[in-house]
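# Structural characterization, general
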Amino acid sequence: MVRIGRSVYLFMTPANTITTALIVLIAGFGTAAEAGTPALSEAIPAYSRDANGIAMAVTELLPSIDNCVAAHEALGGAPEVQFDIQFQVNQNGAVNGLNIKSAQAHNTGVDSCIEGTLSAMRFAPGALEIPVQLPLTAAARTESTMR
């Protein structure tokens with residue numbers, strides 16, 4: 001080890017430290033980061049394209065839909081809202097043409113909240129597009145305990 005002056009080694013000078021950091025940084029850009037993050041198709045399970053698969057997908061999202069309705073109620077909306085939902089499952093298994101109608105959703109954004117939730121559904125690929133229509137009644141539930 002070579003000392004420069006009395007207390008600083010040659011490899012510890014600012015120029016060498018900055019150069020080493022830049023080399024490590026540039027080398028890091030050339031490699032692919034594989035930190036265990038799964039692809040979107042692996043992260044979201046693909047449900048079957050039949051009525052049971054579609055019902056399971058919607059059922060698993062009910063807690064998120066309840067959160068949308070709770071936010072709707074907090075903004076002055078009714079605690080129970082009825083929706084008519086229409087969408088298509090395309091050949092790749094994604095949701096297309098999502099349309100949510102409700103006479104009770106007045107300017108609270110509950111329909112766009114539910115649309116965002118339902119658009120995350122993924123289904124198995126298939127040869128044909130599948131049209132889906134379903135009524136949905138969602139309610140915000142609050143439980144409190146007084147002691």
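Summary of the structure given here. All figures in this text were calculated on a predicted structure; none of them were measured in a lab.

Our next topic: the overall build of the protein. Within the protein, the secondary structure is distributed over 5 helices and 7 strands. Helices and strands in the protein line up, N terminus first, as β-β-α-α-β-α-α-β-β-α-β-β. Contacts in the protein between residues at least 24 apart in sequence constitute 69% of all its contacts with a sequence separation of at least 6. Surface accessibility of the protein: about 10,400 Å² in total, with carbon and sulfur atoms responsible for 57%.

Taking every second residue as pointing to the same face, the buried face of strand E4 (residues 80-89) carries Val 81, Phe 83, Ile 85, Phe 87 and Val 89, while none of Glu 80, Gln 82, Asp 84, Gln 86 and Gln 88 on the other face is buried. Both E4 and strand E7 (residues 130-139) contribute to a ladder of 10 bridges, which runs antiparallel. From the neighbouring strand, Gln 88 faces E7, where its bridge partner is Pro 131. Looking at chain direction, E4 and strand E5 (residues 95-101) are connected through 5 bridges and run antiparallel. When the sheet's bridge partners are listed, Gln 86 is paired in E5 with Asn 99. The antiparallel hairpin formed by E4 and E5 contains 5 residues in its connecting segment, where Gly 93 sits at a positive phi of about 100°.

Quick look at the sheet that holds E5 now. The strand order across the open sheet built from 3 strands is E5-E4-E7, with neighbouring strands paired in antiparallel fashion. In the strand order of this sheet, the two ends are held by E5 and E7, each with one partner. The average undirected angle you get between the axes of adjacent strands in this sheet is 20°. Strands in contact with helix H4 (residues 62-74) are E4 and E7; relative to E7, the strand with the most contacts, it is inclined by about 55°.

Inspection of every chain in the model, using the stated rule, returns 1 aromatic pair. Their ring planes at 55° and their centres at 6.3 Å tell us that Tyr 47 and Phe 123 sit as a pair that is tilted. Residue Tyr 47 is located in strand E3 (residues 46-47), and its partner Phe 123 is located in strand E6 (residues 122-123); the two are separated by 76 residues in the primary sequence. Exposure class is identical for Tyr 47 and Phe 123. Each is buried.

This part takes up the side chain of Arg 49. With respect to the helices, strands and loops of the structure, Arg 49 is situated in the loop between E3 and helix H3 (51-60). At a separation of 3.0 Å, a polar atom in the side chain of Arg 49 contacts the main-chain carbonyl oxygen of Asn 90. Only 2.8 Å separates the side chain of Arg 49 from the backbone oxygen of Ala 124, close enough to count as a polar contact. Ignoring sequence-local partners within four residues, the contact set of Arg 49 consists of Ile 54, Val 89, Asn 90, Gln 91, Gly 93, Phe 123, Ala 124, Pro 125, Gly 126, Leu 128, Glu 129 and Ile 130.

Now for the state of the cysteines. Taken as a whole and assessed by the stated rule, the structure comprises 1 disulfide. Across a sulfur-sulfur distance of 2.0 Å, Cys 68 and Cys 113 are joined as a disulfide pair. Measuring handedness by torsion sign, the sulfur bridge of Cys 68 and Cys 113 sits at about -75° and is left-handed. With a gap of 45 residues between them, Cys 68 in helix H4 and Cys 113 in helix H5 (residues 110-118) connect regions that are remote in the sequence. Judged by its relative accessible area of 4%, Cys 68 falls in the buried class. Owing to a relative accessible area of 32%, Cys 113 belongs among the partly exposed residues under this scheme.

What counts, and where the lines are drawn
- The residue numbering used here restarts from 1 in each chain and proceeds along that chain's sequence as written.
- Given that this is a predicted model, residues contribute local features only at a pLDDT of at least 70 and side-chain atom pairs are listed and counted only at 80 or more, while totals for whole chains, interfaces and linings are drawn from all residues.
- Values shown for side chains rest on all heavy atoms present in the structure; no hydrogens or waters enter the calculation.
- Helical segments are the DSSP runs of H or I of at least four residues, strand segments are the runs of E of at least two, and each set is numbered from the N terminus.
- In what follows, a contact means two residues having at least one pair of non-hydrogen atoms within 4.5 Å.
- For the area figures, the Shrake-Rupley method with a 1.4 Å probe applies, and any residue is considered shielded solely by the protein chains shown.
- Burial classification: accessible surface area is computed with a 1.4 Å probe over protein chains only, and a residue below 20% of its type maximum counts as buried, one above 50% as exposed, and the rest as partly exposed.
- Strand pairing is defined by DSSP finding a minimum of two bridges between the two strands.
- Convention adopted: a line fitted to C-alpha atoms gives each axis, helices being fitted over their contacting stretch, and angles between N-to-C directions are expressed from 0 to 180 degrees.
- Any pair of Phe, Tyr and Trp rings, taking the six-membered ring for Trp, is counted once the centres come within 6.5 Å. Such a pair is stacked with planes under 30 degrees apart, edge-to-face with planes over 60 apart, and tilted for the rest.
- By the criterion applied in these results, polar contacts are pairs of N or O atoms within 3.5 Å in which, for protein atoms, one can donate a hydrogen and the other can accept it, and in which residues neighboring in sequence qualify only through two side-chain atoms.
- Two cysteine sulfurs form a disulfide in these notes if their separation is within 2.5 Å.

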